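Each chain is listed here by its residues.
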2 protein chains.
Amino acid sequence: MAERLVVVGGDPGGMGAISQARRGKPDLEVIAFERGRWTSYSACGIPYLVAGQVESLERLVSRSPDEFRATGVDVRMGHEVTALDLDARQVEVRHDGRTYREGFDYLLLGTGGHPIRPDLPGIDRPLVHGVQTLDDAADLLLHAEQAHASRVAIVGGGYIGLEMAEAFTMRGADVTLTEQAPQVMGTLDPDMAALVQEALVRFGVEVHVGCEVEGFEDDAVITAAGRQEADLVVLGLGVAPNSALAGQSGLELGVREAIRVDRRQRTSAEGVWAAGDCCESTHLVSGEKVHIALGTVANKQARVAGLNIGGRYATFPGVLGTAISKICATEVARTGLTTAEAERAGFASFATVVETTTRAGYFPGSESMTTKFVVEARTGRLLGAQIVGGSGSAKRIDACAVAISAGLAVDEIVDLDLAYAPPFSGVWDPVLVAARAALRQMEEERR
Amino acid sequence: MAERLVVVGGDPGGMGAISQARRGKPDLEVIAFERGRWTSYSACGIPYLVAGQVESLERLVSRSPDEFRATGVDVRMGHEVTALDLDARQVEVRHDGRTYREGFDYLLLGTGGHPIRPDLPGIDRPLVHGVQTLDDAADLLLHAEQAHASRVAIVGGGYIGLEMAEAFTMRGADVTLTEQAPQVMGTLDPDMAALVQEALVRFGVEVHVGCEVEGFEDDAVITAAGRQEADLVVLGLGVAPNSALAGQSGLELGVREAIRVDRRQRTSAEGVWAAGDCCESTHLVSGEKVHIALGTVANKQARVAGLNIGGRYATFPGVLGTAISKICATEVARTGLTTAEAERAGFASFATVVETTTRAGYFPGSESMTTKFVVEARTGRLLGAQIVGGSGSAKRIDACAVAISAGLAVDEIVDLDLAYAPPFSGVWDPVLVAARAALRQMEEERR
């Protein structure tokens, strides 16, 4: 009899593993349960759907249930896995009011995450929306149209909050953004976050930082700074792992209650795997366990889980927390540790900030960009990088991410043979300029 | 008495070293001799000047003679160094018909390169132009305007040839490009070069590959394929080092007669340094000596030479031959070894080509891009990468360049935490897609 893989969750964390698993085990029977209506979609595309840059929900789906079925996967939509029986090697499934069980040889948990909803008065009012799934996005769009939402309040100043602020501004709404912390973009150092906040304000978003949200009414957000009228509220407070099912079945949970996995994406139970927003990762610089809910991580973990389920060998070493976004005309990216994160992880570090242009200074369309390096003091090793700037600036974070992964120090980075031509860069690429500045800083401090 | 540094050549190779040298030796007296009219300019900007995207020659100058003088450098323009007397520690200089000598403690040769001019009938006719210096560019522009050049013949299909072909097409001329080799862009594999050639043809350039140039008349280029009428001919046949002065004084020359230098940019004579297009480099993958005349290399070598002259310690490990260009709407970049170069260097390699999009497929403005990896067969180590594609594709070569420098194999590259958001990339960045494809190819070959 063929072995059976059961996949819980239609997200990339689950579905991305299937083809890899079957490369190693072509006869593997696969059943995938998804409680919603969608499989393998790009949640990261939701802001662009709201902005009108992407025309339909369907465009965000990379593989539909029927496409999976055409490859022989038994995809069961609207089926919710309600319990895991690890001893009996069975899952309990609810569908249309009826509950049944299915056995498995291998179990892959790709249960994803959910938007964090703070326990505040009025949080369940209909104007308050999270955005994590395509169903969330559909609800949000429907509400925005029905309410002719012209006043939109964003709660939370991370990537999703900022991207939704941009999206609703592009739709013509008046947008306020409220963030409890003293800065937007908590994943950046304050000086770099200030540049992003300036870009938001220039774009017309009313930004309140250091401002607590106290509750919601049917037409307003109540904050420490007063009442903000709103037709629609979008929560951008981050994503928590959907790990209740795993926790109830006795699987070990780790940081922020995310499912604990090893480098092969194995959970604490034999034959049970997890990938994506439901599980934790290792930070490659700090060495600490982290929960980073990003599509890149989910897809990589799914690939590794799938290869291992298929009897091959693959490991997921971890993450740098690399992220990139475009807020209006301003690009922003980060990787590795910020100054505060380096401090918390016990590194003695210093930071270097350089101002350059995106292209040769004399080339038409050249814009300004700011690059920040966080560097280990003793060794010169790059610990983190942040970029805020004009068009073409932010993807340079990739060169930094590779350098950090490879453990390069700034005196090695200075020598890197990065590409130059006037439409793309100054003769010293901004990454090299930052490395030079950091090196000089080290020399001066040694004197 | 203060020590004296004599710099021969106003190019970045020479001038870029001065500030570094004086960081270590603030009292250093510096005399710089330049036979032409310009210092520290971007020769790479010349095509954009011709195209009209940069408004004046002066815009390409990053530091003028007077700016250097303001920092205490004795810059002598129109002064040509005609001989080096290494025993007497003196240079012989000609200016306004008179010859004189100056002594030095340190000598830095930044004599640059010159466009290769093949020994063909008619090569000295006034319509034939090289483009290496700003004076060349000024001559070319003057000629183009006086002749109302409407038919321009480019000889040579490397970066400069292609960029000049684009520039003159943008000026409204009919442009032909003739290349002796069977492909344009000899620094790419033939399949990738074919994509670039297609872009050129789409843009309206008449391209003749595998076609020998036999000579020049006053209004035509004579080729093996016939007579091409032309008001103006631009040579894009590469750059040879200006090393005659060094050679005559007994300094060791290396590959292609470029001045031999060690990792600190020291020549074979004590106290004599060289940097830029006049000297050789080490290729970081093949380990071979190479002559790569690029501004990035010149600037890095100048920095290292300067630091060492200033009594500090710095080394220039070498190059990957990273290069990038934009031919019309098509971006192109390369780093490391091509298939043919890997073969010549003795590597057993295989190549992987992947087709992706520049942004998430559903995101507006997403364009196609092709990425090629050259991979060492046994180890999976990345040896080289080539990219041809739409806007935003080519600078991804930097991530590849860092990976090659760090000696990463494709199974390490797959795990790299590169940045993703729909306006910038698919969830698997094209670099990761190429690494996955290469890995799969390795697995299949092992079976």
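Procedures and definitions
Residues numbered from 1 in each chain as written. Chains lettered and ligands numbered in written order. Predicted model: local features only at pLDDT ≥ 70, side-chain atom pairs only at ≥ 80, totals over all residues. Heavy atoms only, no water. Helix = DSSP H or I, 4+ residues; strand = E, 2+ residues; numbered from the N terminus. Rg over C-alpha atoms; globule rule 2.2 N^0.38 Å. Buried < 20%, exposed > 50% of the residue type's maximum accessible area, 1.4 Å probe, protein only. Contact = heavy atoms within 4.5 Å. Core = buried A, V, L, I, M, F, W, Y, C linked by side-chain atoms within 4.5 Å. Least-squares fit on C-alpha atoms with pLDDT ≥ 70 in both. Phe/Tyr/Trp six-rings, centres within 6.5 Å; stacked < 30°, edge-to-face > 60°. Lys NZ or Arg CZ within 6 Å of the ring centre and 35° of its normal. Axes fitted to C-alpha atoms, helices over the stretch in contact; angles between N-to-C directions. Parallel < 35°, antiparallel > 145°, perpendicular 65-115°, else oblique. Left-handed = near helix turned anticlockwise from the far one by under 90°. Nonpolar A, V, L, I, M, F, W, Y, C, P; charged D, E, K, R; others polar. Pairing = 2+ DSSP bridges. Salt bridge = Lys/Arg side-chain N within 4 Å of Asp/Glu carboxyl O. Buried area = accessible area lost by both parts, 1.4 Å probe. Polar contact = N/O pair within 3.5 Å; in protein donor to acceptor, adjacent residues only side chain to side chain. Expected span 1.5 Å × (residues − 1).

1. Some remarks on the overall build of chain A
Along chain A, the regular secondary structure elements total 13 helices and 25 strands. In terms of overall size, chain A behaves like a compact globule, its C-alpha atoms giving a radius of gyration of 23 Å where 447 residues would be expected to give roughly 22 Å. Dimensions of chain A, computed from the C-alpha atoms along their principal axes, are close to 70 × 55 × 40 Å. Residues counted as buried form 60% of the 447 residues belonging to chain A. In chain A, 63% of the contacts between residues at least 6 apart in sequence involve partners at least 24 apart.

2. So, the nonpolar core
When a protein is soluble and globular, its nonpolar side chains tend to lie buried together. With 84 residues, the main nonpolar core has A:Phe373 and B:Phe373 as its most contacted residues. Residues contacting B:Phe373, with those up to four places away along its chain left out, are B:Phe350, B:Ala351, B:Thr352, B:Leu382, B:Gly384, B:Ala385, B:Cys400, B:Val410, B:Val431, B:Ala434 and B:Ala435. A:Tyr41, A:Leu49, A:Val175 and A:Leu200 belong to the second largest nonpolar core, which has 50 residues in total.

3. A look at the relation of the copies chain B and chain A
For the pair chain B and chain A, the relating rotation is 180°, the translation along its axis is 0.0 Å, and the fit reaches an RMSD of 0.0 Å. Each copy turns onto its partner about a two-fold axis. It is B:Ala399 whose C-alpha, among those of chain B, lies nearest the rotation axis, at 2.3 Å. When the interface residues of chain B are mapped onto chain A, 100% of them again fall at the interface, so both copies present the same face.

4. With respect to the packing of aromatic side chains
We describe a pair of aromatic rings using the distance from one ring centre to the other and the angle between the two ring planes. A complete count under the given rule lists 4 aromatic pairs over all chains for this structure. When the centroid spacing of 4.9 Å and the interplanar angle of 85° are considered together, the rings of A:Tyr48 and B:Phe363 count as edge-to-face. Taken together, the residues span two chains, with A:Tyr48 in helix α3 (residues 46–51) and B:Phe363 in the loop between β23 (349–357) and β24 (368–376). Sitting above the plane of the A:Phe68 ring, A:Arg63 keeps its charged end 4.7 Å from the centroid. Here the basic side chain of B:Arg436 rests over the ring of B:Trp428, its NZ or CZ set 4.3 Å away from the ring centre.

5. Comments concerning the side chain of A:His143
Residues and elements named next belong to chain A. Relative to the helices and strands, His-143 is located in helix α5 (residues 134–146). Residue His-143 is classed as buried on the basis of its relative accessible area, which comes to 17%. Filtering out sequence-adjacent residues up to four positions away, His-143 remains in contact with Pro-126, Leu-127, His-129, Asp-231 and Leu-232.

6. Overview of the packing of helix α6 (residues 159–170) of chain B against helix α7 (residues 190–203) of chain B
Residue and element names in this part refer to chain B. Their axes nearest at 11 Å, the elements α6 and α7 cross at an angle of 15°. The orientation of α6 with respect to α7, classified from their angle, is roughly parallel. Here α6 runs over α7; the crossing is left-handed. Along its contact with α6, which presents Leu-162, Ala-165, Glu-166, Thr-169 and Met-170, the element α7 presents Val-196, Leu-200 and Phe-203. Its residues assigned to classes, the contact of α6 with α7 comprises 6 nonpolar, 1 polar and 1 charged.

7. Details of the sheet that holds strand β10 (residues 151–155) of chain B
Strand pairing within a sheet occurs via backbone hydrogen bonds; the two strands may be parallel or antiparallel. Residues and elements named next belong to chain B. As summarised here, the arrangement of the 5 strands in space is β9-β16-β10-β11-β12, forming an open sheet in which the pairing is parallel. Looking at which strands have only one partner, the edges of the open sheet turn out to be β9 (128–130) and β12 (206–208). Going from strand to strand, the sheet's axes swing by 20° on average, the running direction of each strand aside. Examined bridge by bridge, β10 and strand β11 (residues 174–178) share 5 bridges and lie parallel to one another. Paired with Arg-151 across the strands is Asp-174, a residue of β11.

8. Some thoughts on the pattern of salt bridges
Enumeration according to the criterion identifies 59 salt bridges over all chains in this entry. When the shortest N-O distance is used, the salt bridge between A:Asp262 and A:Arg266 registers 2.8 Å. Residue A:Arg266 is classed as partly exposed on the basis of its relative accessible area of 36%. For the salt bridge of B:Glu252 with B:Arg260, the shortest nitrogen-to-oxygen distance reads 3.8 Å. Residue classification places B:Glu252 among the partly exposed positions, given a relative accessible area of 42%. Residue classification places B:Arg260 among the partly exposed positions, given a relative accessible area of 33%. Salt bridges sharing partners connect three or more residues here, namely A:Arg151, A:Glu217, A:Asp219, A:Arg227, A:Glu229 and A:Asp231.

9. Things to note about the interface of chain B and chain A
At the junction of the two partners, chain B supplies 65 residues and chain A supplies 65 residues. Of the roughly 5600 Å² buried at the junction of chain B and chain A (both faces included), carbon and sulfur atoms supply 62%. Counting the surface chain B buries against chain A, the share from its top three residues, B:Tyr362, B:Asp417 and B:Phe424, is 15%. Summed over the shared surface of chain B and chain A, the result is 6 salt bridges. Between A:Asp429 and B:Lys395 there is a salt bridge whose closest N-O contact spans 2.5 Å.

10. Topic: the environment of B:Leu253
Residues and elements named next belong to chain B. Mapped onto the elements of the fold, Leu-253 is located in the loop between α8 (244–248) and β18 (272–274). Leu-253 gets classed as partly exposed once you look at its relative accessible area, which sits at 26%. The contact partners of Leu-253, leaving out residues within four places of it in the chain, are Ser-243, Ala-246, Gly-247, Ala-258, Ile-259 and Arg-260.

11. Focus: the side chain of B:Gln183
Residue and element names in this part refer to chain B. Summarising the element assignment, Gln-183 is placed in the loop between β11 and α7. On the basis of relative accessibility, which here comes to 15%, the residue Gln-183 falls in the buried class. A polar side-chain atom of Gln-183 sits 2.9 Å from the main-chain carbonyl oxygen of Leu-188. In this structure Gln-183 touches Leu-188, Asp-189, Pro-190, Ala-193 and Val-209, once residues within four positions along its chain are discounted.

12. Some details on the sheet that holds strand β15 (residues 226–229) of chain A
Residues and elements named next belong to chain A. Reading across from one edge, β13-β14-β15 is the order of the 3 strands in this open sheet, with antiparallel pairing throughout. On the outer flanks of this sheet lie β13 (213–217) and β15, each paired with one strand and no other. Strand-to-strand twist of the sheet, defined as the mean angle between neighbouring strand axes without regard to direction, takes the value 20°.

13. Topic: α7(B)
Residue and element names in this part refer to chain B. With 14 residues, α7 should reach 20 Å at 1.5 Å per residue; the first-to-last C-alpha distance of 20 Å fits that figure. Packing partners of the buried residues in α7 comprise α6, β12, β21 (323–327), β22 (330–336), β24 and β25 (382–389). Following α7 by one or two positions, Gly-204 has its phi on the positive side, about 110°.

14. Details of the packing of helix α11 (residues 397–405) of chain A against helix α11 (residues 397–405) of chain B
Running from N to C, α11(A) and α11(B) point in directions that differ by 15°, and their axes come no closer than 8 Å. It follows from the interaxial angle that α11(A) and α11(B) lie roughly parallel. Like other packed secondary-structure pairs, α11(A) and α11(B) cross with a definite hand, here right-handed. Taking contact as the criterion, the partners of A:Asp398, A:Ala399, A:Val402 and A:Ala403 in α11(A) are, on α11(B), B:Asp398, B:Ala399, B:Val402 and B:Ala403. Partitioned by chemical class, the residues of the contact of α11(A) with α11(B) number 6 nonpolar, no polar and 2 charged.

15. A closer look at the pairing of β22(B)
Residue and element names in this part refer to chain B. Most of β22 sits inside the fold, with 7 of its 7 residues counted as buried. With 5 bridges joining them, β21 and β22 adopt antiparallel strand pairing. Each bridged residue has a counterpart across the sheet, and for Ser-325 the counterpart in β22 is Val-332. Hairpin connection of β21 to β22: 2 residues between the antiparallel strands, including Cys-328 at a positive phi of 60°. For β22 and β25, the ladder comprises 6 bridges, and the chain directions are antiparallel. The partner of Glu-331 across the bridge, within β25, is Gly-389.

16. Let's talk about helix α13 (residues 430–446) of chain B
Note on helix geometry: an α-helix contains 3.6 residues per turn, so any two residues three or four positions apart are oriented the same way. End to end, α13(B) covers 24 Å across 17 residues, agreeing with the expected 24 Å (1.5 Å per residue, within 8%). Of all the residues in α13(B), the buried ones are B:Pro430, B:Val431, B:Leu432, B:Ala434, B:Ala435, B:Ala438, B:Leu439 and B:Met442. The inward-facing, buried residues of α13(B) abut α9 (295–309) of chain A together with β23, β24, α11 and α12 (410–413) of chain B. Near the N-terminus of α13(B), the side chain that reaches the backbone nitrogen of B:Val431, with its oxygen 2.9 Å away, is that of B:Asp429.

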